[in-house]
Amino acid sequence: MATPNIVPRADQEGGLGTAAKSWGKLFIENAAAGGTAAATISNLDVDQIALDVNASNTTANVIDINAQALTTGKAIHIDCNALESGGYALFVDVDDAQTTTNVKSLSQINYDKSGVTGSGHGHYVSAHAVVMTDAATNHTSGYVQHKAYNSLMSVASGDGNISQISFKSDITGGDDTYYAYAGNTSYRGNVGFFSDSSGSDFIAVSPLDHGDYFQIATTTNGATTLTTVDDDGDDAHMTLIPDGDLIITPKTGTCIWYDVDNSSDHMTLQVGTNGDATFTTVDAAGTAAHFEIEADGNITLDAAGTTTIESAGLIKLDGEAGVEIENGAAAVALTIDNNTVDQSALYIDAQNTTKEIIDINGTALTTGFGLEMTLNSLTGGGGAVNIDVNDSITDASSFKRLHLVDYTKTGNTLNSVTNNVIGHSISLTDSGTSNHAGSTHIRTSYASNVNFVNTTGTHTIDGFSSDINLSSGGMASIHPGGIQSFFSKITDGEGVDFKAVSSADTGDQFTIETTTHGATTLKTIDDDAAAAHIVLEADGNVDVNGLTITLDAATKIELEQNTDVTGDLGVSAEATVNSLICTTGAGFGGGYGSTGATISTAGVGQFNGALTTDAALTADNIVCTNAATFGGGTGSTGVTISTTGGITADTHIKSTAGYIAGLNYRHLWIDAGEMVPQVTNGAAAGTDESSSNDVMNDYFAFDASTIEYVQAKMVMPEQWDGGVIKVKFYWKPVSSTTTSHTCRWSVAGTAHADGGTIDSSWGTDVTVDDNVLGTAAGRVHISDATADITIAGSPGAGAAELVYLRINRVANHVLDDLNEDAHLLGVAVQYRETSAGINSW
């Protein structure tokens, strides 16, 4: 007899177990022909849970469904047709309080296929299938939004290394071949994301403005549109940043860019046989379809053959970082072939103010030319180079050069090597052999025309200016005459070397001509009279070093009153002069009947030669134009005063009446043991002993990432001039064994006189970098000296003020990459003495 059902006395009455006494287990096994569900819970209490499972499980499943025989049924079927706002068909709530490393999945589908799909069969599995259908006819003003998958992710803090991924796809195996699935829609074998939508396939919305978005939409024939939208502007730029190549392969070989407002206006990129590519711009209404390349970085055209850009409109290269042409082939880097005879081949419209407009860097050039022009058809008014400068500056002093050649030689010329440099070379050659006798030829290698409309003010005009400076002393002759500001070589008798023409009458001239043996003629020409005088007007002497000066019978020398004649003056006849001053010894007389008179070189208070005295010399003022030596007599080796004022003594210099002062540089040492750590972010003090020889060191340890401070307090020597000081840091790394690290030190100072406020500002911090030395720890490191350090408080010279120094390691600086403590052993401070004496207290 079958086991009967347990039925309560009345419908919906009674229960199995209570909260105080519950059943331990419940086993239900429905017979194969049971005719009803194995367990049915019909809960009519709308605000109570129908099935409440309170599990203490940790490693075993809470609910375990074994339905391996299931074919067309559903393992879990949820039918809830009355859901409203806040309701969920399935809700998973996890509060995660773990703080250690863990990996978990809130929902996981583990599907393993082991069956071999037979020929002609299809195997289609969706791990997560969502079917949402709106079968209603909605009102035209209503809003309907269905989301098959809605992800909301956020973090309360940005600290730590946080990664949030709303959708992740990892696919391995398979291939990338086109296949067809149910519905006969083609797709690739492996697909990380698949969309079959009559609208947009993908939309990315700006988190700052949901009206700004990016959209991908694929429609008929696979036509795909990528769209960016800025709902309140035109700033929805699209940027592609590939870490490798950007490859676009249209099947028809054409890329088309349409005008968003007029699809008839467009640009195409046509790729043909052998990779030939053509850009075409089309303006349906005219010829304004310009082609413009505007890049914030580099634009590279790399072609094995000729790169041709053709356009009926303007071709514009507009790069904020510039345009660069880099040529790697044995060909001209840039060729401009201009066939328009009345237009410039190259026009540069530059807004430069302080940087060169054209800058040619040809440091590797040897025998070529930095700039070469071939102009074979110049006519009247033409020229090779035209510099046109309109100068309207009126309110500032200025210095400018319209043509500058700056040549600097740094190489040391070897023996028997000639280094010949011409700053400006002009070669004018007339190779015509049949010029007509009536023709006129004018060749001017250098023409200068300077004109002032208004001569008010001070004017300096140089038609030709040369400034030659031999900073290292003399040099060997490299050209006839050695060093010359002006050089001329003209065939004897064919012209003059120099000609100066009067602006009032071009027939009045002065010429210089040098011919055979260096014979030189200075000639003046007055084409209307004989007034072309030569006047030598010197602010110093006029020295004539020739052998003989010949004056013809009609020439006379007139010495105006008080004219000075220096040197030997030989006069064969009587000479009458009003005044004669001799700077060297002069002899007068010695002629017929006269034995002569001698005048020495000595004048009152003036000695042009050596001064020798046998007795004591008393003088209010002695001026020595050469080095002077004093002493050297009995018991004295002497003191020498150089021409620059330096004094050298063979024994000590002593003053019995007062101090001896000078501008000497001195230094003092401040050991780490004399420093104190700053209360705020102070460095840690320590003492260590070397392992082998027990050498002791006080030090302060400065952290590798946190800025720490120490301070030193002292009274500077009274000889200090109160000016800037410099510091060297003595330190050592803890254990660094490489030379690839750098430590940056910094120091600032402040000084206080009597009554000064101690809590006052520091001076400007001055830093110095020091690199790790050697390949072993325990080495002393001495930094370079800092730049000038200005002590705050304006200390005075010899004031003996209280000076504070604040020292720190700039551990957060990018150049400080020493990844360990740095031990400061002490600092050396250099100061300069005052030239004033220090009085007794």
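Conventions we followed
- Residues numbered from 1 in each chain as written.
- Predicted model: local features only at pLDDT ≥ 70, side-chain atom pairs only at ≥ 80, totals over all residues.
- Heavy atoms only, no water.
- Helix = DSSP H or I, 4+ residues; strand = E, 2+ residues; numbered from the N terminus.
- Buried < 20%, exposed > 50% of the residue type's maximum accessible area, 1.4 Å probe, protein only.
- Contact = heavy atoms within 4.5 Å.
- Areas by Shrake-Rupley, 256 points an atom, 1.4 Å probe, with all protein chains shown as cover.
- 1 Å grid on protein atoms, 1.4 Å probe; cavity = no way out; pocket = protein on both sides within 12 Å on 5 of 7 lines; lining within 4 Å.
- Points joined across faces, edges and corners; volume = space filled by probe spheres on them.
- Nonpolar A, V, L, I, M, F, W, Y, C, P; charged D, E, K, R; others polar.
- Salt bridge = Lys/Arg side-chain N within 4 Å of Asp/Glu carboxyl O.
- Phe/Tyr/Trp six-rings, centres within 6.5 Å; stacked < 30°, edge-to-face > 60°.
- Lys NZ or Arg CZ within 6 Å of the ring centre and 35° of its normal.
- Patch = residues over 30% accessible without salt bridge, like charges linked within 9 Å, V, L, I, M, F, W, Y side chains within 5 Å.
- Pairing = 2+ DSSP bridges.
- Core = buried A, V, L, I, M, F, W, Y, C linked by side-chain atoms within 4.5 Å.
- Axes fitted to C-alpha atoms, helices over the stretch in contact; angles between N-to-C directions.
- Polar contact = N/O pair within 3.5 Å; in protein donor to acceptor, adjacent residues only side chain to side chain.
- Lys, Arg positive; Asp, Glu negative; His and termini not counted.
- Charge placed at Lys NZ, Arg CZ, Asp CG, Glu CD.
- pLDDT = per-residue confidence, 0-100.

Caption draft 1: Expanded view of the overall build of the chain. Of regular secondary structure, the chain possesses 0 helices and 29 strands. Put simply, the chain has 841 residues, and 12% of those count as buried. Across the chain, every contact between residues at least 6 apart in sequence was considered, and the portion connecting residues at least 24 apart equals 47%. Approximately 70300 Å² of the chain is accessible, and the part contributed by carbon and sulfur atoms is 50%.

Caption draft 2: Geometry of empty space enclosed by the protein. Scanning all chains against the criterion turns up 1 cavity of 30 Å³ or more. The volume enclosed by the largest cavity comes to roughly 30 Å³. For the lining of the largest cavity, the residue count by class is 5 nonpolar, 2 polar and 2 charged.

Caption draft 3: Here's a closer look at the pattern of salt bridges. Scanning the model with the defined rule gives 8 salt bridges in all. A salt bridge links D96 to K104, with the nearest nitrogen and oxygen atoms 2.9 Å apart. D769 is the salt-bridge partner of R744, the closest N and O atoms lying 2.6 Å from each other. Of the two residues, R744 sits in strand 25 (residues 742-752) while D769 sits in strand 26 (residues 766-771), which places them 25 residues apart along the sequence. Residue R744 is classed as buried on the basis of its relative accessible area of 13%.

Caption draft 4: Spatial organisation of the packing of aromatic side chains. A full pass over the atoms with the stated rule returns 6 aromatic pairs. Ring pairing ties together the aromatic residues F702, F729, W731 and W745, which thus form one cluster. Sitting over the ring of Y699, K732 keeps its end group 5.5 Å from the ring centre.

Caption draft 5: Representation of a nonpolar patch on the surface within the structure. Residues I41, L51, V53, V62, I63, I65, I76, I78, L90, V92, V94 and L106 make up a contiguous nonpolar surface patch of roughly 1200 Å² in combined accessible area. By the secondary structure assignment, V94 is in the segment before strand 1 (178-181). A residue is classified by how much of its surface remains accessible, and V94, at 47% relative accessible area, is partly exposed.

Caption draft 6: Molecular detail of the pairing of strand 29 (residues 822-832). Burial of strand 29 is extensive: 9 of the 11 residues sit out of reach of the surface. Pairing of strand 19 (residues 665-671) with strand 29 involves 7 bridges; the strand directions are antiparallel. Note on strand 29: the bridge partner recorded for D671 is G826. Examined bridge by bridge, strand 22 (residues 696-702) and strand 29 share 3 bridges and lie antiparallel to one another. Across the sheet, F700 pairs through a bridge with L824, a residue of strand 29. Sheet topology note: the strand 24 (residues 726-733)/strand 29 ladder contains 8 bridges and is antiparallel.

Caption draft 7: How the structure looks around the nonpolar core. The biggest cluster of nonpolar side chains holds 34 residues, and the ones touching the most others in it are F729 and L824. Elements that contribute at least two residues to this core include exactly strand 19, strand 22, strand 23 (709-715), strand 24, strand 25, strand 26, strand 28 (802-809) and strand 29. The dominant element in this core, judged by the number of residues it contributes, is strand 29, at 5 residues. Once residues within four sequence positions are removed from consideration, L824 is found in contact with A672, M675, D698, Y699, F700, F702, V710, F729, Y730, W731, W745 and I807.

Caption draft 8: Representation of the sheet that holds strand 11 (residues 498-501). Strand order across the open sheet formed by 3 strands is 11-12-13, with antiparallel pairing between neighbours. The sheet is open, and its two edges are formed by strand 11 and strand 13 (520-525), each paired on a single side. Along the sheet, successive strands turn relative to each other by an average axial angle of 10°, direction set aside. Where strand 11 meets strand 12 (residues 509-514), 4 bridges bridge the pair, whose relative direction is antiparallel. Each bridged residue has a counterpart across the sheet, and for K499 the counterpart in strand 12 is T511.

Caption draft 9: Highlighting the environment of R809. Take R809: it is sitting in strand 28. The exposure class of R809 is buried, given its relative accessible area of 0%. When the C-alpha positions of R809 and L824 are compared, they lie 9.4 Å apart, and in sequence the two are 15 residues distant. A distance of 2.9 Å separates a polar atom in the side chain of R809 from the backbone oxygen of E820.

Caption draft 10: Region of the structure containing the sheet that holds strand 5 (residues 224-229). In space, the 3 strands of this open sheet follow the order 3-4-5, with antiparallel pairing throughout. At either margin of the open sheet sits one strand with a lone partner, and together these are strand 3 (202-205) and strand 5. Across this sheet, the average inter-strand angle for adjacent strands is 10°, counted without regard to direction.

Caption draft 11: Spatial organisation of a negative patch on the surface. Residues D231, D232, D234 and D235 make up a contiguous surface patch of negative charge. With respect to the helices and strands, D231 occurs in the loop between strand 5 and strand 6 (254-258).

Caption draft 12: Structural view of the side chain of R744. There is a polar contact of 3.1 Å between the side chain of R744 and the side chain of H813. Filtering out sequence-adjacent residues up to four positions away, R744 remains in contact with T767, V768, D769, N808, R809, V810, H813, L815 and D816.

Caption draft 13: Quick peek at the confidence of the model for the chain. On average, the chain scores 78 in pLDDT, and the residues at 70 or more come to 76%. Confidence over residues 472-481 falls short of pLDDT 50; this stretch has 6 contacts with residues more than four positions distant or in other chains. Every residue in residues 590-608 is under pLDDT 50, and counting partners more than four places away or in other chains gives 16 contacts.

Caption draft 14: Up close: unusual backbone geometry. Although it is not a glycine, N681 sits at a positive phi angle of roughly 55°. Inspection of the secondary structure assignment puts N681 in the loop between strand 20 (676-677) and strand 21 (684-689). Within the chain, S794 stands out as a residue other than glycine whose phi angle is a positive 50°. Note that S794 resides in the loop between strand 27 (781-782) and strand 28.

Caption draft 15: Inspection of the side chain of K732 at higher detail. Within the fold, K732 resides in strand 24. For K732, a relative accessible area of 13% translates into the label buried. A polar contact of 3.0 Å, which involves the side chain of K732, links it to the side chain of D688. Those residues in contact with K732 that lie beyond four places of it in its chain are D688, R779, H781, A822, H823 and L825.

Caption draft 16: View of the environment of G749. With respect to the element layout, G749 can be found in strand 25. Between the C-alpha atom of G749 and that of W762, which follows or precedes it by 13 residues, the distance is 5.6 Å.

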